[in-house]
Amino acid sequence: MDQKLEVRNSVHINAPVAMVWDALVNPVQTRIYMFGCETVSEWIPGSPLLWQAEYEGKNMVFVKGNIIAIEPGKLLVYTVTDPNASWEDIPENYLTVSYHLVAENEGCFLTVVQEGFEHAAEGQRRYEEVSNHGDGWNPILIQIKKLVEEEYIQSLQ
């Protein structure tokens, strides 16, 4: 595949950047919007990142990767792969996800970019699953927005 394949979605969140950042790295928060999965990581470059949840009474890892870059409140970049998939567990088969946060007035913009499909095993199929006819990360971003904005409103009361 020669064409660069990426999924890019953004949302404006009416809450401080610090609260959005917490939603991205706090396992209690990720469980709410990421299909019941909580994050496990030391949150430093090079450290593993696991997305795990209980399934049929067992704790399972559904996504794994490594932290590439982290600037609290601004940027989080990590790799991802499905450890339960049939493809080989080699760097070429990992995709890259980056979260970009930009403060604006009372809120912030959160942009998610997922890329690397063009060189990964089953890349076209994986791209189509993530892009989901243009929806991409939007369903997750909507959940993050709802979660953080509700928390922010409660914090003001």
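Parameters and conventions
- Residues numbered from 1 in each chain as written.
- Predicted model: local features only at pLDDT ≥ 70, side-chain atom pairs only at ≥ 80, totals over all residues.
- Heavy atoms only, no water.
- Core = buried A, V, L, I, M, F, W, Y, C linked by side-chain atoms within 4.5 Å.
- Buried < 20%, exposed > 50% of the residue type's maximum accessible area, 1.4 Å probe, protein only.
- Helix = DSSP H or I, 4+ residues; strand = E, 2+ residues; numbered from the N terminus.
- Contact = heavy atoms within 4.5 Å.
- pLDDT = per-residue confidence, 0-100.
- Salt bridge = Lys/Arg side-chain N within 4 Å of Asp/Glu carboxyl O.
- Polar contact = N/O pair within 3.5 Å; in protein donor to acceptor, adjacent residues only side chain to side chain.
- Axes fitted to C-alpha atoms, helices over the stretch in contact; angles between N-to-C directions.
- Parallel < 35°, antiparallel > 145°, perpendicular 65-115°, else oblique.
- Left-handed = near helix turned anticlockwise from the far one by under 90°.
- Nonpolar A, V, L, I, M, F, W, Y, C, P; charged D, E, K, R; others polar.

1. A word on the nonpolar core
So, step 1. Ranked by internal contacts, the top residues of the largest apolar core, which has 41 residues, are Tyr78, Tyr99, Leu110, Trp137 and Ile144.
So, step 2. A total of 7 residues in this core trace back to one element, the largest contributor, which is helix 1 (residues 17-25).
So, step 3. Ignoring any residue separated from it by four or fewer positions in sequence, one finds Trp137 in contact with Val7, Asn9, Met34, Tyr78, Val97, Tyr99, Val112, Gln114 and Val130.

2. Overview of the environment of Asn132
So, step 1. In this structure, Asn132 sits in the loop between helix 3 (123-131) and helix 4 (138-156).
So, step 2. Considered as a pair, Asn132 and Val7 are 125 residues apart in the sequence and their alpha carbons are 9.7 Å apart.

3. Section: the confidence of the model for the protein chain
So, step 1. Per-residue pLDDT for the protein chain averages 94, and the proportion of residues at 70 or more is 97%.
So, step 2. Averaged over each element, pLDDT in the protein chain is lowest for helix 3 (92) and highest for strand 5 (residues 75-80) (98).

4. Points about the pattern of salt bridges
Oppositely charged side chains can pair when the atoms bearing their charge come close.
So, step 1. Summed over the entire model, instances satisfying the criterion amount to 7 salt bridges.
So, step 2. Between Glu115 and Lys4 there is a salt bridge, with its nearest N and O atoms 2.7 Å apart. Taken together, the residues span a long stretch of sequence, with Glu115 in strand 7 (residues 107-115) and Lys4 in the segment before strand 1 (6-13) at a distance of 111 residues.
So, step 3. Note that Arg8 is salt-bridged to Glu6, the shortest N-O span being 3.0 Å.

5. Section: the side chain of Asn9
So, step 1. With respect to the element layout, Asn9 can be found in strand 1.
So, step 2. Within the structure, Asn9 has its side chain in polar contact with the side chain of Asn138 (distance 3.4 Å).

6. Regarding the packing of helix 1 against helix 4
So, step 1. Running from N to C, helix 1 and helix 4 cross one another at 130 degrees; their axes reach a closest spacing of 10 Å. Between helix 1 and helix 4, the crossing angle belongs to the class labelled oblique. Relative to helix 4, the crossing made by helix 1 is right-handed. Of the residues in helix 4, those touching helix 1 at Met19, Val20, Ala23 and Leu24 are Ile144, Leu147, Val148, Glu151 and Tyr152.
So, step 2. Classifying every residue of the contact of helix 1 with helix 4 by side-chain character gives 8 nonpolar, no polar and 1 charged.

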